[in-house]
Amino acid sequence: MSDHKIETKCIQSGYEPGNGEPRVLPIYQSTTYRYTSGEHLAKLFDLEASGHMYTRISNPTVDAVENKIADLEGGVGAMCTSSGQAANFIAIFNIASAGDNFLCLTSIYGGSVNLFGVTMKRMGIEARFITPDVPDEEIEKLIDDRTRCIFGETIANPALKVFDIERYANLAHKYNMPLIVDNTFATPVFCRPFEFGADIVTHSTTKYMDGQATVVGGVIVDSGNFDWEAAGKYPELTEPDDSYHGVVYTKQFGNAAYITKARTQLMRDLGATPQPLAVFLLNQGLGSLHVRVERHFKNAMAVAEYLEKHDMVESVSFPSLPSSPDYELTKKYLPNGSCGVISFVIKGGRETAMKFMDSLELAEIVVHVADARTSVLHPASTTHRQLTDEQLIDCGISPGLIRFSVGIENIDDIIADIDKAFSKIK
Ligand SMILES: *Cc1c(COP(=O)(O)O)cnc(C)c1O
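What you see is a predicted model; the values in this text were computed from it and never measured.

Draft legend 1. Spotlight on the pairing of strand 7 (residues 218-222). The buried fraction of strand 7 is high, at 5 of 5 residues. Pairing of strand 1 (residues 77-81) with strand 7 involves 5 bridges; the strand directions are antiparallel. Considered in strand 7, the bridge of Cys80 is made with Val219. Alignment of strand 6 (residues 200-204) against strand 7, held across 5 bridges, turns out to be antiparallel. Within the sheet, the bridge partner assigned to Thr202 lies in strand 7 and is Ile220.

Draft legend 2. The pattern of salt bridges, seen in detail. Within the structure shown, the criterion is met by 21 salt bridges. Salt-bridge contacts for Glu39 lead to Lys43; the nearest nitrogen and oxygen are separated by 3.8 Å. Of this pair, Glu39 and Lys43 both sit in helix 2 (residues 38-45), 4 residues apart, which is roughly one turn of the helix. Relative accessible area serves as the criterion here: at 37%, Lys43 is assigned to the partly exposed category. Between Arg373 and Asp371 there is a salt bridge, and its shortest N-O distance comes to 3.6 Å.

Draft legend 3. Up close: the site of the ligand. In the vicinity of the ligand there are 15 residues, among which Asn157, Asp182, Ser204, Thr206 and Lys207 approach most closely. Within the side chain of Lys207, a nitrogen or oxygen atom sits 2.6 Å from an oxygen atom of the ligand. Calculation on the ligand without its partners gives an accessible area of 380 Å², and the protein chains cover 92% of this total. For the shell around the ligand, the leading source of residues is helix 4 (residues 84-93), giving 3 residues.

Draft legend 4. Representation of helix 5 (residues 110-122) within the structure. The terminal C-alpha atoms of helix 5 lie 18 Å apart, and with 13 residues this matches the ideal 18 Å at 1.5 Å per residue to within 8%. At Phe116, helix 5 shows its strongest bend, of approximately 30 degrees. For helix 5, the full list of buried residues reads Gly111, Ser112, Leu115, Phe116 and Met120. Those residues of helix 5 that are buried lie in contact with helix 4, strand 2 (101-105), strand 3 (126-130) and strand 4 (147-153). One or two steps after helix 5, the chain reaches Gly124, where phi turns positive at roughly 90 degrees.

Draft legend 5. Region of the structure containing the sheet that holds strand 9 (residues 341-346). With mixed pairing, the 5 strands of this open sheet are ordered in space as 8-9-12-11-10. Each of the sheet's edge strands pairs with one partner strand only, and the pair in question is strand 8 (313-317) and strand 10 (364-365). Note: strand 10 against strand 11 (residues 375-377), 2 bridges, orientation parallel. For Ile365, the partnering residue across the bridge sits in strand 11 and is Val376. Packing of helix 14 (residues 289-309) onto the sheet brings it into contact with strand 8 and strand 9, and relative to strand 9 it is tilted by some 15 degrees.

Calculation notes
Residues numbered from 1 in each chain as written. Predicted model: local features only at pLDDT ≥ 70, side-chain atom pairs only at ≥ 80, totals over all residues. Heavy atoms only, no water. Buried < 20%, exposed > 50% of the residue type's maximum accessible area, 1.4 Å probe, protein only. Helix = DSSP H or I, 4+ residues; strand = E, 2+ residues; numbered from the N terminus. Pairing = 2+ DSSP bridges. Salt bridge = Lys/Arg side-chain N within 4 Å of Asp/Glu carboxyl O. Near = heavy atom within 4 Å. Polar contact = N/O pair within 3.5 Å; in protein donor to acceptor, adjacent residues only side chain to side chain. Areas by Shrake-Rupley, 256 points an atom, 1.4 Å probe, with all protein chains shown as cover. Expected span 1.5 Å × (residues − 1). Bend = angle between axes of the 7 residues up to and from the residue. Contact = heavy atoms within 4.5 Å. Axes fitted to C-alpha atoms, helices over the stretch in contact; angles between N-to-C directions.

The analysis is restricted to geometry; functional conclusions fall outside its scope.
Set out below in structure tokens:
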């Protein structure tokens, strides 16, 4: 980890060219690597030497960006994946097998709910969902000797609930398990979950990290802090791996055991590898991450304050508003800013919400969130359109709920656009 501040890390970390080498991280568009002796290559295959072997497992461009992200989060190592979905899957599958279970918050991203609740269930791994506000005693009833980790999102997408990282880290550690935190919406600029006791961090880099809506990607970061041997219940890390001549990850790789296994075993076998070009583009985004998220947040705060005062708005949900039920958690975990995504309920329900959305010009209707352009989505008429109003309310979505991803355009233009849309539907 470098001593630099986060802004400097966004630009400088991960790649340091030698004398006469390109200043900009090159795209190593090569699947393969040359060695002058067969013996050296054999050592790579036995994990006894370090070096690139095949791009499914590692690549110099990807490696540099992984080092940057590890430095941003304050971890010992990182592994980029082809998507955020792949990152969350591998993060859990790395320490859970058929017959195991794990706990996760109900408010997490819908894609993760499907992955954990449906697809991983078919693999024999059970996700036990918990609502954020239940007392510890209730949660502890769900923990047994096959419970492998707890999973939550710093700021849940799209519920925008703030995760009490320290509370869940303490709870996980009480039962000798790691806490995994999906830090996509907060980014390491606004929150570094390891500082509050989280052990593993994941991201969909598709969102703010890339920031331009150009590349789908994910990353897993290992804090190096979790003691797998002391926990005594992670044989996949502390007992010999037959697929590598009996390597014991904790013995050979110390506090980088988890992330090394994720790469050398699961990335080797599952192949959810990002392309070097995609990771190069991600790095372009990372170079301005600190500047962008500050502006996203500032603009979102202004939009939230504007909406809160508007007489056609029933309620606004944004963690940094003093009226937010999560305001205390926000002050603790996200003191300098939260994100650019807000949601609000328009008076008049489904019909009015659709009319409002269609009346916007600058804010575009897209399914994506968290990129430079202001965008809007009305779940009741898109992602959740099969549901009746009653069913929507049951899953916590008001028919008039609008999700707004505030971009980094000029704030006056964004508010003027919203203002005009309101006057059109009056
Ligand atoms: C988008 C998202 C994901 C899934 O990432 P993809 O890159 O779309 O695969 C996971 N978690 C959160 C919080 C997200 O917002």
